[in-house]
There are 2 protein chains.
Amino acid sequence: MSLNLVPFVSVDHMMRIVTLTGVETFLRDLAAYIEADFRRWESFDKTPRVAAHSDSGVIELMPTSDGETYSFKYVNGHPENTRSGRQTVTAFGVLADVATGYPVLMSEMTILTALRTAATSALTTKVLAPLGADTVAIIGNGAQSEFQALAFHALMGIRKFRLYDIDPSATERLIANLSGKGFSMQACASAQEAVLGAQIITTVTADKRYATILSDNMVAEGVHINAVGGDCPGKTELARDVLLRSEIFVEYPPQTRIEGEIQQLDPDHPVTEFWQVLTGHAPGRVSDQQITIFDSVGFATEDFSALRYLRDRVSATGLCTPLDMLADPDEPRDLYGMILRSAANTPAREMATAAS
Amino acid sequence: MSLNLVPFVSVDHMMRIVTLTGVETFLRDLAAYIEADFRRWESFDKTPRVAAHSDSGVIELMPTSDGETYSFKYVNGHPENTRSGRQTVTAFGVLADVATGYPVLMSEMTILTALRTAATSALTTKVLAPLGADTVAIIGNGAQSEFQALAFHALMGIRKFRLYDIDPSATERLIANLSGKGFSMQACASAQEAVLGAQIITTVTADKRYATILSDNMVAEGVHINAVGGDCPGKTELARDVLLRSEIFVEYPPQTRIEGEIQQLDPDHPVTEFWQVLTGHAPGRVSDQQITIFDSVGFATEDFSALRYLRDRVSATGLCTPLDMLADPDEPRDLYGMILRSAANTPAREMATAAS
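Residues numbered from 1 in each chain as written. Chains lettered and ligands numbered in written order. Predicted model: local features only at pLDDT ≥ 70, side-chain atom pairs only at ≥ 80, totals over all residues. Heavy atoms only, no water.

Chain A has the name Ornithine cyclodeaminase in an unreviewed UniProt entry, where Rhodobacter flavimaris is given as its organism.

Here it is in structure tokens:
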């Protein structure tokens, strides 16, 4: 491809890549890329994401680099967007070559973020959940919920789901979308009912406030909690007492202490970095009674892994379009000359049309 | 335009917009937008850019927001890129709506950055240069140099340029590209020769190191210096003694102290923020003998201004393409359902082709 062109994966391409690959295969393979990058955690430049907060939501930039490849994601979080028919979370991102600074892939990441969030949840749950866990409660049945269920099935073979949303139609949609997969899906009347008999609890609500989706009495010994929805200052899902009873696992502490459930705790409350569990530097779950929490906020390396996996899928499928994004004069220092030659080559008729 | 589509200005569009508008009109109008945003400096969220440094260069993200509109730019700086036929600096950027977090414009910014850098130089020079200045020395005749000359002409009516580059062919290219404009352009054999008789000196070299493009003896009383090329830790153009004799004006001190010429000085060395001169909060040039320096590193608000101006030019010309960048399910929470329906609508033949 010419130097000025950057392969672009549109939303339509992304849907076709996921469909061609098979969504569960995609989730499983993506989780393998995420795991591989967690295992080489120390090779990444890491920084808390750069957030621009407003009354209505947040816009964030999430950069990282392993010294050879750089990535960043643009992502927003606006809980009231659904009222105007918009997504709460949309995203796009770029993979670039560190040696030249040139972007090598640009992609939609609304769908890809949903997939990588679910893949990360299932990966961490597989490592931290009690042995024999076969039932997952999913509290909050919005846009992320199907991906969570599919990832638990793809990575752990889980088929039993207990579902709750303050809006019953959300649960109905989730059940309809996943029908025919042989899942047992129970719509529940409350979060309290949903957690009954579940060894794994995923909270994926979207409210931007301190909420108590799980109160202390709802959390039994031995469960594993994925706290996915609390990912912003002032936005949490778990009662503080639940945190105090639990062993807490996180992605990148400097970011999680700002954004995660642990913003409710002292800044030096002990947490375990998940990569250390994977690499054997720290223990994971040590007993059947222990409550484990993955305080998920989403970290830049997961997007890096997702874009890296996507690049390989794009190579395999050819599903992208070239984007004329980088000025590429014949002589690099002759940027202005490129404009001059472009003007000389533009027919007068076309110029008139464009100006009209 | 549909919610999922983001207007995209390609390199080709940008060249046509500049040509249609007229490059000097573009620079003058763009400078007016930049000035307007400098004048409301306090309404912006400001942060030093987020830089990923490597041996070969730097990749930076430059976000800002005025509370209604958000922008960021991705920009790299890789001085050795020209050896492989690539640009030293390439860039793209996004304008977004703070209320929803949705991008409203994406654009190439390699050309736009060259234009905004030159417009900023001419704007600050117009304010800070000595009265009656009519001659500009341009030291470093790379990709930015034509834009500098055009901006000085567009904003200040300057026609006399004294030019120097370590590579004489760069100066030849600059002179050829600007021929026919009635400019007086003198190719000089050294930087020392170039500054003779110039009341304004622009340094726009690209080396990533501590360089001394201007030594103390080369800088006469009363000149104004645009130090454009020194914009990275470890990359400067002026001798420290020149700085100590001068009144220094900057964009955003926390960033300039990291990246600008003043990285050579004590962290509390006094500098004046340019917006304060524009708004009358601080004096600009106060005598004909004073040496003034605009220690330009390029700040996010200038890109914000450039994207804001571009959005208006795109509205006037229609020169953009819709980019399928944001997932837009009919029902915002039904992201997975959108993938399901996409799969149902993709003909098997097309899927097979894409997979092959």
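Right, picking up where we left off after that structure.
**Q** Just checking my understanding: could you explain the overall build of chain A for this structure?
**A** Check the secondary structure of chain A and you find twelve helices and 17 strands. Relative to a compact globule of 356 residues, whose C-alpha radius of gyration would be 21 Å, chain A shows 22 Å and is just as compact. Pairs at least 24 residues apart make up 72% of the contacts formed inside chain A by residues separated by at least 6 positions. Put simply, chain A shows about 12,400 Å² of open surface, and 50% of that area lies on carbon and sulfur atoms. When the 29 basic and 44 acidic side-chain charges of chain A are each reduced to a single mean position, those positions are 4 Å apart. (Helix = DSSP H or I, 4+ residues; strand = E, 2+ residues; numbered from the N terminus. Rg over C-alpha atoms; globule rule 2.2 N^0.38 Å. Contact = heavy atoms within 4.5 Å. Areas by Shrake-Rupley, 256 points an atom, 1.4 Å probe, with all protein chains shown as cover. Lys, Arg positive; Asp, Glu negative; His and termini not counted. Charge placed at Lys NZ, Arg CZ, Asp CG, Glu CD.)

**Q** Looking at this structure, how should I read the side chain of Ser305(A)?
**A** Following the sequence through the fold, Ser305(A) ends up in helix H10 (residues 300–317). Look past the residues within four positions of Ser305(A) in its chain and what remains in contact with it is Leu30(A), Tyr33(A), Ile34(A) and Asp37(A).

**Q** Looking at this structure, how should I read the interface of chain B and chain A?
**A** It is common to give the size of an interface as the accessible area that goes away when the parts come together. Of the residues lining the interface, 86 residues belong to chain B; the matching set on chain A comes to 85 residues. Summed over both partners, the interface of chain B with chain A comes to about 7,400 Å²; 67% of that surface belongs to carbon and sulfur atoms. Taken together, the connections running from chain B to chain A amount to four salt bridges. The partner of Arg173(A) in a salt bridge is Asp334(B), with the nearest N and O atoms 3.6 Å apart. At the boundary of chain B and chain A, one finds 30 residue pairs in polar contact (both at pLDDT 80 or more). Per-element tally for the side of chain B that touches chain A: the top contributor is helix H11 (residues 335–345) of chain B, with eight residues. (Buried area = accessible area lost by both parts, 1.4 Å probe. Salt bridge = Lys/Arg side-chain N within 4 Å of Asp/Glu carboxyl O. Polar contact = N/O pair within 3.5 Å; in protein donor to acceptor, adjacent residues only side chain to side chain.)

**Q** How should I be thinking about the relation of the copies chain B and chain A in this particular structure?
**A** Taken together, a rotation about one axis and a shift along it account for how the two chain copies relate. Under the fitted operation, chain B is carried onto chain A by 0.0 Å of movement along the axis and a turn of 180 degrees, and the coordinates agree to an RMSD of 0.0 Å. Taken together, the rotation and translation relating the two chain copies correspond to the operation of a two-fold axis. Taken together, the interface assignments show that 99% of the residues at the interface of chain B recur at the interface of chain A, consistent with an identical surface on both copies. (Least-squares fit on C-alpha atoms with pLDDT ≥ 70 in both.)

**Q** It is not clear to me how the sheet that holds strand E5 (residues 91–97) of chain B should be interpreted in this structure. Could you clarify?
**A** Backbone hydrogen bonds are what pair the strands of a sheet, in a parallel or an antiparallel way. Residues and elements named next belong to chain B. Taking strand neighbours across the sheet as the criterion, the seven strands line up as E2-E3-E4-E5-E6-E1-E17 in an open arrangement whose pairing is mixed. Edge positions in the sheet fall to strand E2 (50–53) and strand E17 (321–324), since each has one partner strand and no second. Strand-to-strand twist in this sheet, taken as the mean axis angle between neighbours without regard to direction, amounts to 20 degrees. With four bridges connecting them, strand E1 (residues 5–9) and E17 associate as antiparallel partners. Bridge pairing in E17 places Pro7 opposite Pro322. Contacts between helix H10 (residues 300–317) and the sheet are confined to E1, strand E3 (58–65), strand E4 (69–77), E5 and strand E6 (103–108), with E4 contributing the most and set at about 110 degrees to the helix. (Pairing = 2+ DSSP bridges. Axes fitted to C-alpha atoms, helices over the stretch in contact; angles between N-to-C directions.)

**Q** Would you take a moment to explain the domain arrangement of chain A for this structure?
**A** All names here are of chain A. By the assigned domains, chain A splits into domain 1 (5–111 + 302–343) and domain 2 (130–297). For domain 1 and domain 2, the distance between their C-alpha centroids amounts to 27 Å. Each side of the interface is counted separately: domain 1 has 22 residues, and domain 2 has 26 residues. Both faces combined, the contact of domain 1 with domain 2 buries some 2,100 Å², and carbon together with sulfur accounts for 64% of it. When the buried area of domain 1 at its contact with domain 2 is split by residue, Glu24, Trp41 and Arg49 rank highest and sum to 27% of it. On the surface where domain 1 and domain 2 come into contact, there are two salt bridges. (Domains from an automatic or database assignment.)

**Q** Please explain the packing of helix H3 (residues 110–128) of chain A against H11(B) as it appears in this structure.
**A** Helix packing for two helices is described by the angle between their axes and how far apart those axes are. The contact between H3(A) and H11(B) brings their axes to 11 Å, and the two run at 115 degrees. By the criterion of interaxial angle, the relationship of H3(A) to H11(B) is roughly perpendicular. Crossing handedness for the pair H3(A) and H11(B): left-handed. Facing H3(A), whose interface residues are Thr110(A), Ile111(A) and Ala114(A), H11(B) presents Leu335(B), Met338(B) and Ile339(B). Within the contact of H3(A) with H11(B), the residues separate by chemical class into five nonpolar, one polar and no charged. (Parallel < 35°, antiparallel > 145°, perpendicular 65-115°, else oblique. Left-handed = near helix turned anticlockwise from the far one by under 90°. Nonpolar A, V, L, I, M, F, W, Y, C, P; charged D, E, K, R; others polar.)

**Q** How should I be thinking about the pattern of salt bridges in this particular structure?
**A** Close approach of charged atoms lets side chains of opposite charge pair. Evaluation of the coordinates by the stated rule reveals 37 salt bridges over all chains. Ionic pairing is found between Asp12(A) and Arg16(A), a salt bridge with its closest N-O pair at 3.4 Å. With Asp12(A) and Arg16(A) both in helix H1 (residues 11–21), this residue pair falls four residues apart, about one helical turn. Arg83(B) is paired through a salt bridge with Glu80(B); the nearest N and O atoms lie 3.9 Å apart. Assessed through its relative accessible area of 52%, Glu80(B) is described here as exposed. Linked by salt bridges that have partners in common, Asp37(A), Arg40(A), Asp66(A) and Arg308(A) make up one network. (Buried < 20%, exposed > 50% of the residue type's maximum accessible area, 1.4 Å probe, protein only.)

**Q** Can you walk me through the environment of Gln263(B) in this structure?
**A** Counting through the fold element by element, Gln263(B) comes out in the loop between helix H8 (253–259) and strand E15 (272–273). Within the structure, the side chain of Gln263(B) is placed 3.0 Å from the backbone oxygen of Glu259(B), a separation counted as a polar contact.

**Q** I keep staring at the nonpolar core and nothing clicks. Help me out?
**A** One broad rule of soluble globular proteins: the nonpolar side chains tend to lie buried together. Residues and elements named next belong to chain B. Counting 71 residues, the largest nonpolar core has Leu27, Ile111, Leu115, Phe161 and Leu310 as its most contacted members. If one sorts the elements of this core by residue count, helix H3 (residues 110–128) sits on top with nine residues. Residues in contact with Leu115, not counting those within four places in the same chain, are Val18, Val23, Phe26, Leu27, Leu30 and Phe147. (Core = buried A, V, L, I, M, F, W, Y, C linked by side-chain atoms within 4.5 Å.)

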